[in-house]
Amino acid sequence: MAGRVYNFSAGPSMLPLSALERAGAEITNFQGSGMSVMEMSHRSKVFQQIFDDTQAKFRRLMNVPEGYKVLFLQTGASGQFSMVPLNLIGKTGKADYAVTGNFSNIAYKEAKKYGEIHLAASSEDKNHTYIPAQDQLKLDPEASYFYYCANNTIYGTEWSYVPDTGDVPIVCDMSSDILSRQVDVSKYGIIFAGAQKNMAPAGLTVVIIKENLAGHELPFTPLMMNYKTMIDKDSMYNTPPCWCIYMLGLVLDWLDEQGGVPGMEKIKHAKAQMLYDVIDASRLFTCAVEKGSRSDMNVTFRTGDEELDAKFVKESVAAGFTNLKGHRAVGGMRASIYNAMPTEGVEKLCDFIRKFDKEN
Ligand SMILES: *Cc1c(COP(=O)(O)O)cnc(C)c1O
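Just so it is clear, the structure is predicted and the values come from calculations on it, not from any experiment. Each chain has its residues counted from 1, running along the sequence as written. Owing to the predicted nature of the model, reporting of local features is limited to residues with pLDDT of at least 70; listing and counting of side-chain atom pairs is limited to 80 or more, with chain, interface and lining totals taken over all residues. Heavy atoms throughout the structure, all of them, feed into the side-chain values; hydrogens and water do not.

Participant: It is not clear to me how the sheet that holds strand β2 (residues 68–73) should be interpreted in this structure. Could you clarify?
Facilitator: Pairing between sheet strands relies on hydrogen bonds along the backbone, with the strands arranged either parallel or antiparallel. Here a strand pair is declared whenever DSSP counts at least two bridges between the two strands. Secondary structure counts use DSSP, requiring at least four H or I residues in a row for a helix and at least two E residues in a row for a strand, with both numbered from the N terminus. Taking strand neighbours across the sheet as the criterion, the seven strands line up as β2-β10-β9-β8-β5-β3-β4 in an open arrangement whose pairing is mixed. The sheet is open, and its two borders are formed by β2 and β4 (116–122), each paired with just one other strand. Looking at each pair of strands side by side, their axes are set apart by 15° on average, direction ignored. Relative to strand β9 (residues 190–194), strand β8 (residues 170–173) runs parallel, the two sharing three bridges. Looking across to β9, one finds that aspartate 173 is bridged to phenylalanine 192. Contacts are residue-level and defined by heavy atoms, with any inter-residue pair within 4.5 Å sufficient. An axis is simply a line fitted to the C-alpha atoms; with a helix, the fit covers only the stretch in contact. Between two such axes, the angle follows the N-to-C directions and lies from 0 to 180 degrees. Together, β2, β3 (94–99), β5 (146–149), β8, β9 and β10 (205–210) form the strand contacts of helix α3 (residues 76–88), whose direction differs from that of β9 by roughly 155°. Running over the sheet, helix α4 (residues 102–111) touches β3, β4, β5 and β8 and is turned about 160° from β3.

Listed below in structure tokens is the structure:
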């Protein structure tokens, strides 16, 4: 579509063009209802159908087994940093956290308000450029849960394995890699993700929760932060983020056309590999992340010279790429190449990097 740029934003980020176009076509009158999805009662039949369809598509694409609920909540992924300990820590009063970046660190600090939180692993010693191995995790069998963040959006690292925690339930923040790779949901107690990286506009948080983990919240848990409230009312205790849920349904239709999650996994891995290969083969650019820990979603790289990095970013904008400047905590550049970033966008970025490498 004319005028659209390759947007490498870390989030909110690109959505599939076909989903945006469908939303555009239906924006004033959704399928003959005479109104926009934005204007509908969340208790109406027509919205209930949208809700049920989106739930069913999500469950099918993620292979969510029996015994798990899928919740459509608000307050962002960050809201889960509080909701998880409030609901789960009561079991033993203790929990294990792996801190591998910015968001797991915030979650770790937040959880400390509610119990005895143990640092099971940290990658801070090397500025979060690697993911700790299984044998580096210091696990407490008495922990109420083990917490980690699957993909570190800011540092560009991603866990390539699911930790083995024995009987301790695993809680995972998948905000920036959900639906990009196959996940065995049965290995987890809770998976949560803010929608604005790989799923939908900001305002929706998807939670997959093993049902028997709910109902043990601390007594002062706010009503709206209680998983049980939301499970009992099927995410409709209050008004859910209706528009975002509708958009998620459209994005899931597009994902289906890409071969579902297995299809997407191949596509996204090929895109990331292409970019890492160009960076590794260049004279100027390096990626600080250790090879087995590199993220397929957020590719970080730099020249080592701040002025040259700034020149790269400036010229990239002129060439039709946006949001390649790295996070202020890391510097350099970051290309966020979530599901909706077309392969063509990554190919063009690779050409641009090669050209810049030759000319400077
Ligand atoms: C973006 C992001 C968050 C924060 O999400 P909000 O919805 O803004 O609260 C948390 N965790 C990860 C891994 C993220 O990428």
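Here the narrative resumes.
Participant: Before we go on, may I ask you to explain unusual backbone geometry in this structure?
Facilitator: Peptide bonds are trans in most cases, and residues, glycine excluded, mostly fall at negative phi. Backbone torsion omega between glycine 11 and proline 12 reads -10°, so that peptide bond is classified as cis. One can find proline 12 in the loop between β1 (6–7) and α1 (17–25). Look at asparagine 127: it is not a glycine, yet its phi comes out positive at around 50°. For asparagine 127, the position within the fold is in the loop between β4 and β5. We note that asparagine 323 has phi near 65°; this positive angle belongs to a residue other than glycine. In this structure, asparagine 323 sits in the loop between β12 (321–322) and β13 (333–336).

Participant: Can you help me understand the nonpolar core in this one?
Facilitator: The tendency in soluble globular proteins is for nonpolar side chains to be buried side by side. Residues enter a nonpolar core if they are buried and are Ala, Val, Leu, Ile, Met, Phe, Trp, Tyr or Cys, with the set joined through side-chain atoms within 4.5 Å. Each residue's exposure class comes from its accessible area (1.4 Å probe, protein chains only) as a fraction of the maximum for that residue type: buried when under 20%, exposed when over 50%, partly exposed otherwise. Membership of the largest hydrophobic core comes to 57 residues, with the highest contact counts inside it found for Phe58 and Met199. By residue number, the principal contributor to this core is helix α6 (residues 242–257), which donates 11 residues. Setting aside its immediate chain neighbours within four residues, phenylalanine 58 contacts Val70, Ile178, Leu179, Met199, Val206, Ile208 and Leu252.

Participant: What should I look at first to understand the pattern of salt bridges in this one?
Facilitator: Close approach of charged atoms allows side chains with opposite charge to pair. Salt bridge, as used here, is a side-chain nitrogen of Lys or Arg placed within 4 Å of a carboxyl oxygen of Asp or Glu. What the rule picks out here adds up to 15 salt bridges. Here lysine 113 and glutamate 110 are joined by a salt bridge, their closest N and O atoms 2.8 Å apart. Given a relative accessible area of 60%, lysine 113 falls into the exposed group. Close ionic contact of aspartate 351 with arginine 354 constitutes a salt bridge, the shortest N to O distance being 2.9 Å. In this pair, aspartate 351 and arginine 354 are both assigned in helix α9 (residues 343–359), three residues apart and thus about one turn of the helix distant. On the accessibility criterion, aspartate 351 (45% relative accessible area) is partly exposed. Judged by relative accessible area, which is 44%, arginine 354 ranks as partly exposed. Each of Arg22, Lys57 and Asp253 takes part in a single network of salt bridges with overlapping partners.

Participant: Honestly, empty space enclosed by the protein in this entry has me stumped. Any pointers?
Facilitator: Rolled over the atoms, a probe as big as a water molecule pinpoints where empty space is left. Cavities and pockets are found on a 1 Å grid laid over the protein atoms alone: a cavity is a set of points where a 1.4 Å probe fits but cannot escape, a pocket is an open set with protein on both sides within 12 Å along at least five of seven lines, and a lining residue has an atom within 4 Å of such a point. Grid points are joined across faces, edges and corners, and a volume is the space filled by probe spheres set on the points. In this structure the tally under the stated criterion is one cavity of 30 Å³ or more. What the largest cavity holds in volume is close to 40 Å³. The wall of the largest cavity is formed by Met14, Leu15, Pro16, Lys197, Asn198, Met199, Val251, Trp254, Asn339 and Ala340. Split into classes, the residues belonging to the lining of the largest cavity amount to seven nonpolar, two polar and one charged. Note on residue categories: nonpolar means Ala, Val, Leu, Ile, Met, Phe, Trp, Tyr, Cys or Pro, charged means Asp, Glu, Lys or Arg, and polar means any other residue, Gly included.

Participant: Explain the packing of helix α8 (residues 306–318) against α9 to me, please; I cannot follow it from the model alone.
Facilitator: The interhelical angle for the contact between α8 and α9, taken along N-to-C directions, is 135°, at an axis separation of 12 Å. Taken together, the axes of α8 and α9 are oblique relative to one another. For the pair α8 and α9, the sense of crossing is right-handed. For the pair formed by α8 and α9, the contact residues are Leu308, Lys311, Phe312, Glu315 and Ser316 on the first element and Leu349, Phe352, Ile353 and Phe356 on the second. Looking at the contact of α8 with α9 residue by residue, the class counts come to six nonpolar, one polar and two charged. If an angle is under 35 degrees, it is roughly parallel; if it is over 145, roughly antiparallel; if it lies from 65 to 115, roughly perpendicular; otherwise it is oblique. It is the rotation of the near helix from the far one that decides the hand of a crossing: anticlockwise by less than a right angle makes it left-handed, clockwise makes it right-handed.

Participant: Whenever I open this one, the site of the ligand confuses me. Can you help?
Facilitator: The nearness test applies per residue and asks whether one of its heavy atoms lies within 4 Å of the molecule or strand. The full set close to the ligand counts 13 residues, and Ser78, Thr153, Asp173, Gln196 and Lys197 are the nearest of them. Contact distances for the ligand include 2.6 Å between a nitrogen atom and a side-chain N or O atom of aspartate 173. Expressed as a share of its isolated accessible area of 390 Å², the protein-covered part of the ligand is 85%. A per-element tally of the shell around the ligand places α3 first, with four residues. Of the residues belonging to the shell around the ligand, the class tally is four nonpolar, seven polar and two charged. Any N or O atom pair separated by 3.5 Å or less is treated as a polar contact, with the protein-specific requirement of one donor-capable and one acceptor-capable atom, and with residues adjacent in sequence counted only for side-chain atom pairs. Reported accessibility uses the Shrake-Rupley method at a 1.4 Å probe radius. Residues are deemed covered only where the shown protein chains occlude them.

Participant: What's the story with the pairing of β5 in this structure? I'm lost.
Facilitator: Along a regular strand, successive side chains alternate from one face of the sheet to the other. Burial of the side chains of β5 extends over both faces: Phe146 and Tyr148 are buried on one face and Tyr147 and Cys149 on the other. Pairing of β3 with β5, which is carried by two bridges, proceeds in the parallel orientation. Counted as the bridge partner of aspartate 96 is phenylalanine 146 from β5. As judged from the four bridges shared by β5 and β8, these two strands associate in the parallel manner. Directly across from phenylalanine 146, in β8, lies its bridge partner isoleucine 170.

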